[in-house]
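# Inside the fold
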Amino acid sequence: MDQLTVMRSFVGVTKSRSFSQAARALGISGSLVSRHVAELERSLGVHLVNRTARTISLTEAGTRYAEFAARIIDEIDREEAQLRGLRDKAEGSLAIISPKWIGSNDVGDAIVAFSTRYPKIHIRFEVGGMSERSYEFLDQGFDVSFHTRHVRDCNLMLRKIADLKFALCASPGYLRRAGEPTHVAQLGEHDCLVNTNDPIWHLRDDGHDVHLKVNEPVYSSNSYLTLRKAALAGRGVAVLPIRLVSEELADGALVSVIPDCEIPDRPLYALHSPGSQSLARVRLFLDFVAEWFRKHAPAEQARPAEQAKSA
């Protein structure tokens, strides 16, 4: 029998001096309270309660144990109340990790905005150093981990924050030098800039899915930030996140290549442990970031290559 439950029944009897009143207060039957007290006496090997037809009194051992049990139960109840308060309050610490390219940009901006709105939540935010094992961020002491690819782990809580849009683009200077591709099949004839974490370009051309593996990229990197610089320098054609190059696409520093070719959106996910789903600060953070991304959707103003040439 659960020791704490037995102790609660006994303390209830000592406070009310009645088995029936203790039972009503605890929401159980009087016979169960009586069994609890009897079990406690058997386990301790002492008599705790003197019972007559009209009164209930405590023995010397009963008085001593009643004080002990009441103190233990009070400490447990107070500690549980404090922990529930910690769970339900928007304060405390929050540790977050994100891929470098988006953590250094949009995710980072959203986290700064969140920290400003909720200053009682102390933020630890790191970019890069992501493990291929989706659960490893928990072992590293992080509460939330952002991912920009599909995650398969049923033991973690997964929330989709936003859809990330990508663009197939190049600089006007490169296109003047190398010519403008008009069909996906022609990309193999061009200098391509490839993210080593995403070596296959997933495209949709004329309603058909195309999975293009660039066998000999002229420039490869695990950083979209670096690939953006290479594209601006006229090194070749790249698939880049629109959030990272929206200004360049708007002012013509980069232009859309094969505009009719679609790049499927990629998800931005936030992972956290199942146990953290009830923490107010985690719920609050994920709600805030999802709303931030909704309000700060990038303007899709990519200029076609022909327009850029005439500008």
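The rules behind these values
- Residues numbered from 1 in each chain as written.
- Predicted model: local features only at pLDDT ≥ 70, side-chain atom pairs only at ≥ 80, totals over all residues.
- Heavy atoms only, no water.
- Helix = DSSP H or I, 4+ residues; strand = E, 2+ residues; numbered from the N terminus.
- Rg over C-alpha atoms; globule rule 2.2 N^0.38 Å.
- Buried < 20%, exposed > 50% of the residue type's maximum accessible area, 1.4 Å probe, protein only.
- Contact = heavy atoms within 4.5 Å.
- Areas by Shrake-Rupley, 256 points an atom, 1.4 Å probe, with all protein chains shown as cover.
- Lys, Arg positive; Asp, Glu negative; His and termini not counted.
- Charge placed at Lys NZ, Arg CZ, Asp CG, Glu CD.
- Pairing = 2+ DSSP bridges.
- Axes fitted to C-alpha atoms, helices over the stretch in contact; angles between N-to-C directions.
- Salt bridge = Lys/Arg side-chain N within 4 Å of Asp/Glu carboxyl O.
- Phe/Tyr/Trp six-rings, centres within 6.5 Å; stacked < 30°, edge-to-face > 60°.
- Core = buried A, V, L, I, M, F, W, Y, C linked by side-chain atoms within 4.5 Å.
- Parallel < 35°, antiparallel > 145°, perpendicular 65-115°, else oblique.
- Left-handed = near helix turned anticlockwise from the far one by under 90°.
- Nonpolar A, V, L, I, M, F, W, Y, C, P; charged D, E, K, R; others polar.

Our next topic: the overall build of the protein chain. Helix and strand content of the protein chain: 12 helices and 14 strands. In summary, the protein chain has a C-alpha radius of gyration of 32 Å against a globular reference of 19 Å for 311 residues, an excess of more than 25%. Considering only C-alpha atoms, the protein chain reaches an extent of 105 × 35 × 30 Å along its principal axes. For the protein chain, with 311 residues in total, the buried portion stands at 42%. Of the contacts made within the protein chain by residues no fewer than 6 positions apart, 72% connect residues no fewer than 24 positions apart. When the accessible area of the protein chain is evaluated, it comes to approximately 17,000 Å², of which 47% is carbon and sulfur surface. Counting 39 positive and 39 negative side-chain charges, the protein chain places the centres of these two groups 8 Å from one another.

With mixed pairing, 5 strands are arranged side by side in an open sheet as S4-S3-S5-S14-S6. The two strands at the open ends of the sheet, each matched to only one other strand, are strand S4 (121–127) and strand S6 (157–164). Averaged over all neighbouring strand pairs, the angle between strand axes comes to 20°, with direction disregarded. Relative to strand S5 (residues 144–147), strand S3 (residues 92–98) runs parallel, the two being bridged by 2 bridges. In the sheet register, Ile97 faces S5, and the bridge partner there is Ser145. Against the sheet, helix H11 (residues 280–295) makes contact with S3, S4, S5, S6 and strand S14 (266–272), and its axis sits at roughly 15° relative to S6, the strand it touches most.

The full count for this structure, using the stated rule, is 15 salt bridges. Linking Arg78 and Asp74 is a salt bridge whose minimum nitrogen-to-oxygen distance equals 3.0 Å. Of this pair, Arg78 and Asp74 both sit in helix H4 (residues 60–88), 4 residues apart, which is roughly one turn of that helix. Given a relative accessible area of 40%, Asp74 falls into the partly exposed group.

Next up on the list: the side chain of Ser221. Among the structural elements, Ser221 can be located in strand S11 (residues 219–221). If sequence neighbours within four positions are ignored, Ser221 has contacts with Val194, Asn195, Thr196, Thr226 and Leu227.

Below, the discussion takes up the packing of aromatic side chains. Per the counting criterion, the structure on display carries 11 aromatic pairs. Their ring planes at 55° and their centres at 5.9 Å tell us that Phe10 and Tyr65 sit as a pair that is tilted. Of this pair, Phe10 sits in helix H1 (residues 3–16) while Tyr65 is found in helix H4, placing the two residues 55 residues apart along the sequence. Phe10 sits in the buried class, given a relative accessible area of 0%. Tyr65 gets classed as buried once you look at its relative accessible area, which sits at 12%. Ring geometry for Phe114 against Tyr118: centres 5.1 Å apart, planes inclined by 45°, an arrangement best described as tilted. Residue class for Phe114 comes out buried when judged on its relative accessible area of 0%.

Before going further, it helps to examine the environment of Glu248. Assignment of secondary structure puts Glu248 in helix H10 (residues 242–251). Setting aside chain neighbours within four positions, we find Glu248 in contact with Arg228, Leu232, Ala253 and Leu254.

Right, let's get into the nonpolar core. The biggest cluster of nonpolar side chains holds 59 residues, and the ones touching the most others in it are Phe146, Ile161, Trp201, Phe285 and Phe293. Per element, the largest residue contribution to this core is 8 residues, and it comes from H11. Those residues within four positions of Phe146 in sequence are excluded, and the remaining contacts are Ile96, Ile97, Ser98, Pro99, Val107, Met130, Ile161, Leu268, Tyr269, Ala270, Phe285 and Val289.

This brings us to the packing of helix H6 (residues 106–117) against H11. Where H6 contacts H11, the two axes come as close as 10 Å, and the packing angle between them is 125°. Taken together, the axes of H6 and H11 are oblique relative to one another. Along this stretch, H6 crosses H11, giving a crossing that reads as right-handed. Of the residues in H11, those touching H6 at Asp106, Val107, Asp109, Ala110, Ile111, Ala113, Phe114 and Arg117 are Arg281, Leu284, Phe285, Phe288, Val289, Trp292 and Phe293. Residue classes in the contact of H6 with H11 are distributed as 11 nonpolar, no polar and 4 charged.

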